[in-house]
Amino acid sequence: MTTAAELRQLAGFTAQLYKAKVVLGYQGYARHDELALLMLHPGRDNPYPLYERLRARGPLVRSRVGPWVTTSHQVCNTVLRDRQFGVVLDGAEGPGAGGLSFLEMNPPDHTRLRRLAAPAFSPKKMAGYTTLIEKTVQRLLDELPASGRFDLVSAFAAPLPIAVISDLLGVPTAHADQFARWGATIGTALDGVKGVRHLAALMQANAGLERLFTGLFEQRRREPADDVVSAVVTAEGERITPAEMVPICVLLFIAGFETTVNLISNAVLALTAHPLQWVALHDDPSLAAGAVEEVLRFDPPVQRTGRVALADTELAGVAVKRGEYVVTLTAAANHDPAVFADPARLDITRSNADEHLAFSSGIHYCLGAPLARAEATIALGALAERLPRLRVAGQVVRRNASTIRGPLRLPVTA
Ligand code: HEM
């Protein structure tokens, strides 16, 4: 018998399959179309030259595979803020629909669910996470192998956000490893489903997370605690429907984990490739917050997002029809020379680095941005302080993804 949960999963994965079909449809255009090239060569290549090719064609161009594409900071910002655009067309399935809770909803549902999750990021909560982040960072650095050679992703960049997000959600540490494996699998869906085996793995991971959170809901109904799962069960029936409860937890988990691991790794990649800036950070750890902003601008973990036009409208002097999709290449916007002087240069003292769109803009602006900033700032400051000779020492293996950018393995020596 098909349960409601299975149907919900299927609905989510149908949307993912739709995305996969779009990806496969790109094959025929690949050599001539920048968007198709980005989709077909995920991770392996440097996307920034393609962004510049697109920029040379104007602020808003039509891809041969359908959507509009923009590299312009101003146009990206407009699309992300304008209420004539949404993440989904009147509840219809399509790019953007996929089951990641309010990230994939328009108001009023978006507003209702975002409000429910927001208290998890209050200043008081942030103070508690800061202590946890500091302790976890020092513990992970203490546990590094004496040889000084290690994989920065598995030894440091991944365990930190997992520890923090588990605490935020109230997932017992005993489940943390399994939790991380399921999360990593679901994270691969952000780029579309790559085949039947991938789909089966996704469904298995989703079922695992569903079991874990359903069990936690039961526990917290009996013994409420000061965590997101308790807030969700308290709101059940009034501000959240039973069907929305697992997806909101999965969203916080995936959003908080898949992105932060890449921010820390991308920061190490960028800064060790610019040794003078690494030394500057070692000499003055108070530069860490600025370094994080500059890395978010220079090589962001989320390279793009997109919106669908909810009505016929005009954008950058071009008529965009209701139902048409605009790909906002936020990573390209972060290199827009109209906003950032000498954009290809990494400069951890850049004064306007925080104008980047790495956390998006408008109503879907990253809810976890303060947490991501705190994790990366503390992590980077401690790395530069304790491992001043850190450098890449081996083959960097990148994720096979084009929306999320970052290494899967980053061998280093300290
Ligand atoms: C470096 C780390 C991070 C990056 C680069 C990042 C990036 C983003 C981006 C680009 C969006 C908006 C996507 C869109 O407009 O379509 C977003 C939304 C979101 N992020 Fe983050 N994120 C990060 C860390 C986190 C963390 C640590 C959490 C939570 C623990 C989190 C939770 C969320 C949530 C809940 C949303 C949905 C907001 C909404 O739809 O209203 N993120 N993030």
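The structure we're discussing is the one just above.
**Points about the overall build of the chain**
Counting secondary structure elements, the chain contains 16 helices and 12 strands. Here the chain holds 414 residues, and 54% of them are scored as buried. Expressed as a percentage of contacts within the chain between residues at least 6 apart in sequence, the contacts between residues at least 24 apart total 71%. With an accessible surface of roughly 18200 Å², the chain has 56% of that area assigned to carbon and sulfur atoms.

**Topic: the packing of helix 9 (residues 176–187) against helix 10 (residues 196–222)**
The interhelical angle for the contact between helix 9 and helix 10, taken along N-to-C directions, is 135°, at an axis separation of 9 Å. Comparing their axes, helix 10 and helix 9 come out oblique. Taken as a pair, helix 9 and helix 10 cross one another with a handedness that is left-handed. Of helix 10, the residues touching helix 9 (which contributes Phe179, Trp182, Thr185 and Ile186) are Ala201, Leu202, Gln204, Ala205, Asn206, Gly208, Leu209, Arg211, Leu212 and Phe213.

**Considerations on the sheet that holds strand 5 (residues 305–309)**
The 5 strands are arranged 1-2-8-5-3 in an open sheet whose pairing can be described as mixed. Strand pairing shows two members of the sheet lacking a second neighbour, strand 1 (61–62) and strand 3 (85–86), which therefore form its edges. Summarising the sheet, strand 1 and strand 2 (residues 68–70) pair through 2 bridges and their orientation is antiparallel. Residue Arg62 lies in a different strand from strand 2, and its bridge partner there is Trp68. Where helix 4 (residues 73–81) meets the sheet, it contacts strand 2, strand 3, strand 5 and strand 8 (325–328), and its direction lies at approximately 125° from that of strand 8.

**Quick look at the packing of helix 8 (residues 159–169) against helix 16 (residues 369–386)**
Between helix 8 and helix 16, whose axes approach to 11 Å, the crossing angle comes to 140°. The handedness of the crossing between helix 8 and helix 16 comes out as right-handed. Facing Leu160, Pro161, Val164 and Leu168 of helix 8, the residues of helix 16 in contact are Leu371, Glu375 and Ala379. Class assignment of the residues belonging to the contact of helix 8 with helix 16 gives a composition of 6 nonpolar, no polar and 1 charged.

**A word on the coordination of the iron atom of the ligand**
A lone protein donor contacts the iron atom of the ligand, and this donor is Cys366 (SG), found at 2.3 Å. Tracing the backbone through its elements, the reader meets Cys366 in the loop between helix 15 (330–333) and helix 16.

**Points about the site of the ligand**
Around the ligand sit 27 residues in total, of which His110, Thr305, Ser360, His364 and Cys366 are the nearest. Within the side chain of Arg114, one N or O atom sits 2.7 Å away from an oxygen atom of the ligand. Between the ligand and Arg307 there is a distance of 2.7 Å, counted from an oxygen atom to a side-chain nitrogen or oxygen. Broken down by secondary-structure element, the contributors of at least two residues to the shell around the ligand are helix 5 (109–117), helix 12 (242–272), strand 5 and helix 16. With 7 residues, helix 12 is the largest single contributor of residues to the shell around the ligand. Taken together, the residues of the shell around the ligand break down into 17 nonpolar, 8 polar and 2 charged.

**Focus: the sheet that holds strand 9 (residues 391–392)**
The strands making up a sheet associate through hydrogen bonds between their backbones, and the pairing can be parallel or antiparallel. Sheet architecture is open: 3 strands sit in the order 4-12-9, paired in antiparallel fashion. The sheet is open, and its two edges are formed by strand 4 (149–151) and strand 9, each paired on a single side. Bridge count for strand 9 against strand 12 (residues 411–413) is 2 bridges, and the pairing is antiparallel. Counterpart to Arg391 in the pairing with strand 12 is Thr413.

**Side note on the pattern of salt bridges**
Once their charged atoms are close, side chains differing in charge can pair, the charge on each being opposite to the other. Applying the stated rule across the entire model yields 18 salt bridges. Note that Arg399 is salt-bridged to Glu258, the shortest N-O span being 3.0 Å. One end of the pair, Arg399, is in the loop between strand 10 (397–398) and strand 11 (407–409); the other, Glu258, is in helix 12, and 141 residues separate them in sequence. Using a relative accessible area of 14% as the deciding quantity, one classes Arg399 as buried. Relative accessible area serves as the criterion here: at 4%, Glu258 is assigned to the buried category. Members of the salt-bridge network, linked through shared partners, are Glu34, Arg53 and Arg57.

**Considering the packing of aromatic side chains**
The description of an aromatic ring pair uses the distance of the two centres, along with the angle that the planes make with each other. Under the counting rule described, the total for this entry stands at 5 aromatic pairs. Ring geometry for Tyr48 versus Tyr51: centroids 5.4 Å apart, planes at 90°, classification edge-to-face. Here Tyr51 and Tyr48 lie together in helix 3 (residues 48–56), a separation of 3 residues that amounts to about one turn. Taking relative accessible area as the criterion, Tyr48 reaches 13% and is therefore assigned buried. Aromatic ring contacts, followed pair by pair, group Phe179, Phe213, Phe253 and Phe257 into a single cluster. Between Arg297 and the ring centre of Phe340, over which it is positioned, the NZ or CZ distance is 5.3 Å.

Definitions and cut-offs
Residues numbered from 1 in each chain as written. Predicted model: local features only at pLDDT ≥ 70, side-chain atom pairs only at ≥ 80, totals over all residues. Heavy atoms only, no water. Helix = DSSP H or I, 4+ residues; strand = E, 2+ residues; numbered from the N terminus. Buried < 20%, exposed > 50% of the residue type's maximum accessible area, 1.4 Å probe, protein only. Contact = heavy atoms within 4.5 Å. Areas by Shrake-Rupley, 256 points an atom, 1.4 Å probe, with all protein chains shown as cover. Axes fitted to C-alpha atoms, helices over the stretch in contact; angles between N-to-C directions. Parallel < 35°, antiparallel > 145°, perpendicular 65-115°, else oblique. Left-handed = near helix turned anticlockwise from the far one by under 90°. Pairing = 2+ DSSP bridges. Nonpolar A, V, L, I, M, F, W, Y, C, P; charged D, E, K, R; others polar. Donors = N, O, S within 2.8 Å, 3.2 Å for Na, K, Ca; no water. Near = heavy atom within 4 Å. Polar contact = N/O pair within 3.5 Å; in protein donor to acceptor, adjacent residues only side chain to side chain. Salt bridge = Lys/Arg side-chain N within 4 Å of Asp/Glu carboxyl O. Phe/Tyr/Trp six-rings, centres within 6.5 Å; stacked < 30°, edge-to-face > 60°. Lys NZ or Arg CZ within 6 Å of the ring centre and 35° of its normal.

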